[in-house]
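Geometric and topological summary
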Amino acid sequence: MTEKWEKTLKHALITGASRGIGAAMVKHFAKLNYNLTLCAQNEKRLNDFSDVIQQYHPDARIETIALDYNQPAAVDEACSNQFSLMPVPDVFFASAGVSVPDMLETPSLSWQKVYQVNVLSTIAICNLVSKRMAEAGGGHIFIMGSNSAYIHKGHSGAYGSSKAAIVHYAETLFHLMLKDKVKVTCLCPGLVNTDMTRDDLPFDEEEVIQTKDLVDTVQWVMGLSPGASIPSIRIQCTPLIVARNEASEQ
Ligand SMILES: NC(=O)c1ccc[n+]([C@@H]2O[C@H](COP(=O)([O-])OP(=O)(O)OC[C@H]3O[C@@H](n4cnc5c(N)ncnc54)[C@H](OP(=O)(O)O)[C@@H]3O)[C@@H](O)[C@H]2O)c1
């Protein structure tokens, strides 16, 4: 362990850290003087982003782990090595995820990918981190679910079913971990203004949920007293509900 790990009290592990919601969480926890372990698939993008954060927070210790969640052997390897050897995080924000279009048109390889990334690899790392946090006496885990887990639309059926699986996992983990003082919260927003949605966003970027809304939610959840725990939170995208209500009235 280097000097920098010892100097700072808190450590956050963030996956999907290079972009979107994960990147917003990186900025948030960096401002709170956490040391950071950042994980994403594209090594260059991850390291470039890490360098920018380091410039603004020169005292922070920032490690990066480039890992393709769609490679189960690489995920197992990272679980046995980097994720096992790093200091136990105080906060784990599991944001890595992919979307696929249209359920009926989604080829089986894409079904495999959306389940491997959003469910199986996410669970492999969450299981390990949960056990390590329990041994260390506590922590907080945030897992990105989605409002798509609760709606039944063909265009998001493959993605939504993977998110339903991870919401179920997260809520089960919530119950399993309470006795070990590990709080688990699954965040389930509708449309958020990120790369994932930007290309086919049916509304103006400013009209939908912003990454800041997720940051504010995390801050609020973490500010609750030890006796208060939130298993999951749905955050609806206002213009999407209005559009759906109008469609159902016609
Ligand atoms: N945006 C929304 O409307 C919305 C709504 C509800 C829930 N969510 C969920 O929130 C999470 C974050 O979404 P976002 O909107 O921030 O997405 P995003 O902007 O597309 O970012 C996705 C992140 O996941 C990483 N990632 C993608 N595929 C990966 C792989 N195979 N292995 C490892 N990392 C991988 C990406 O890394 P690279 O940069 O290396 O590709 C990136 O850091 C996801 O789980 C998503 O399902 C999003």
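Residues numbered from 1 in each chain as written. Predicted model: local features only at pLDDT ≥ 70, side-chain atom pairs only at ≥ 80, totals over all residues. Heavy atoms only, no water.

1. Things to note about the overall build of the protein
Selection criterion: Note on conventions: DSSP H or I runs of at least 4 residues are helices, E runs of at least 2 residues are strands, and numbering of each starts at the N terminus. Atoms counted for the radius of gyration: C-alpha only. Globule rule: 2.2 Å times residue count to the power 0.38. We call a residue buried when its accessible area falls under 20% of the maximum for its residue type, exposed when it is over 50%, and partly exposed in between, using a 1.4 Å probe and counting protein chains only. Whether two residues are in contact is decided by their heavy atoms: any pair within 4.5 Å suffices. Every accessible area reported is derived by Shrake-Rupley at a probe size of 1.4 Å, with residue values counting cover from the shown protein chains alone. Charge counting treats Lys and Arg as positive and Asp and Glu as negative, with His and both chain ends excluded. In this description, the location of a charge corresponds to atom NZ of lysine, CZ of arginine, CG of aspartate or CD of glutamate.
Per the secondary structure count, the protein includes 10 helices and 7 strands. For 250 residues, the compact-globule formula gives about 18 Å, and the C-alpha radius of gyration of the protein, at 18 Å, lands near that figure. A total of 250 residues make up the protein; the buried ones form 48% of that total. Put simply, 71% of the contacts in the protein that link residues at least 6 apart link residues at least 24 apart. Accessible surface for the protein amounts to roughly 12,600 Å². Of this, 52% is attributable to carbon and sulfur atoms. Positive and negative charge centroids in the protein, built from 21 and 27 side chains respectively, lie 6 Å apart.

2. With respect to the environment of C237
Within the fold, C237 resides in the loop between β7 (232-235) and α10 (238-249). On the accessibility criterion, C237 (2% relative accessible area) is buried. Linking C237 and V208, residues 29 residues apart in sequence, is a C-alpha distance of 5.7 Å. Excluding its chain neighbours within four sequence positions, the residues that come into contact with C237 are G190, L191, V208 and I209.

3. Thoughts on the packing of helix α2 (residues 20-31) against helix α9 (residues 211-223)
Going by this rule: Axes here refer to lines fitted to C-alpha atoms; in helices the fit is confined to the stretch in contact. Angles between the N-to-C directions go from 0 to 180 degrees. Note that the term roughly parallel is reserved for angles under 35 degrees, roughly antiparallel for angles over 145, roughly perpendicular for angles of 65 to 115, and oblique for everything else. Helix crossings fall into two classes, left-handed where the near helix is turned counterclockwise from the far one by less than a right angle and right-handed where it is turned clockwise. Three residue categories are used. Nonpolar comprises Ala, Val, Leu, Ile, Met, Phe, Trp, Tyr, Cys and Pro, charged comprises Asp, Glu, Lys and Arg, and polar comprises the others, including Gly.
Where α2 contacts α9, the two axes come as close as 9 Å, and the packing angle between them is 50°. When the interaxial angle is binned, α2 and α9 end up oblique. Read as a crossing pair, α2 and α9 show a hand that is right-handed. In contact with G20, I21, A24, M25, H28 and F29 of α2, α9 contributes T211, L214, V215, V218, Q219 and M222. In terms of residue class, the contact of α2 with α9 is made up of 8 nonpolar, 4 polar and no charged.

4. Focus: the site of the ligand
For clarity, the threshold we go by: We define proximity as follows: a residue is near a molecule or strand when any one of its heavy atoms falls within 4 Å of that partner. Side-chain atoms alone can form a polar contact between residues adjacent in sequence; in general such a contact is a pair of N or O atoms within 3.5 Å, and within protein one must be able to donate a hydrogen while the other accepts it.
In the vicinity of the ligand, 32 residues are found, and the nearest of them are S18, N42, Y159, V192 and T194. In this structure, a nitrogen atom belonging to the ligand sits 3.4 Å away from a main-chain N or O atom of L67. Note that an oxygen atom of the ligand is positioned 2.5 Å from one of the side-chain N or O atoms of T194. Considered on its own, the ligand offers 900 Å² of accessible surface; in the complex 96% of this is hidden by protein. Elements represented by at least two residues in the shell around the ligand include exactly α2, α7 (157-177) and α8 (195-198).

5. Things to note about the pattern of salt bridges
Using the following cut-off: We define a salt bridge as a contact between a side-chain nitrogen of Lys or Arg and a carboxyl oxygen of Asp or Glu at a distance within 4 Å.
As enumerated under the stated definition, the model contains 7 salt bridges in all. D48 is paired through a salt bridge with K44; the nearest N and O atoms lie 2.6 Å apart. In this pair, D48 and K44 both sit in helix α3 (residues 43-56), 4 residues apart, roughly one turn of the helix. D48 gets classed as partly exposed once you look at its relative accessible area, which sits at 36%. Exposure remark for K44: the relative accessible area of 56% places this residue in the exposed category. With its nearest N and O atoms 3.2 Å apart, the salt bridge here joins D180 to K179. Members of the salt-bridge network, linked through shared partners, are R19, D195, R198 and E205.

6. Describing helix α4 (residues 72-80)
Which entries qualify depends on this criterion: What the arc covers is the set of directions going from the helix axis to the C-beta atoms.
Every buried residue of α4 is accounted for by V75, A78 and C79. Buried residues of α4 fall within an arc of 105° about the axis and therefore sit on the same side. Across from the buried face of α4, at angles greater than 90 degrees, the exposed residues are A73 and S80. The inward-facing, buried residues of α4 abut α5 (82-85) and α6 (108-136).

7. What about the packing of aromatic side chains?
The following threshold applies: For Phe, Tyr and Trp, where Trp contributes only its six-membered ring, two rings pair if their centres lie within 6.5 Å, and the inter-plane angle classes them as stacked under 30 degrees, edge-to-face over 60, or tilted in between.
Inspection of every chain in the model, using the stated rule, returns 3 aromatic pairs. On the numbers, 6.2 Å between centres and 20° between planes, the contact of W111 with Y115 is stacked. Residue W111 and its partner Y115 are located together in helix α6, separated by 4 residues, close to a single helical turn. Under the relative-accessibility criterion, W111 is labelled partly exposed at 26%.

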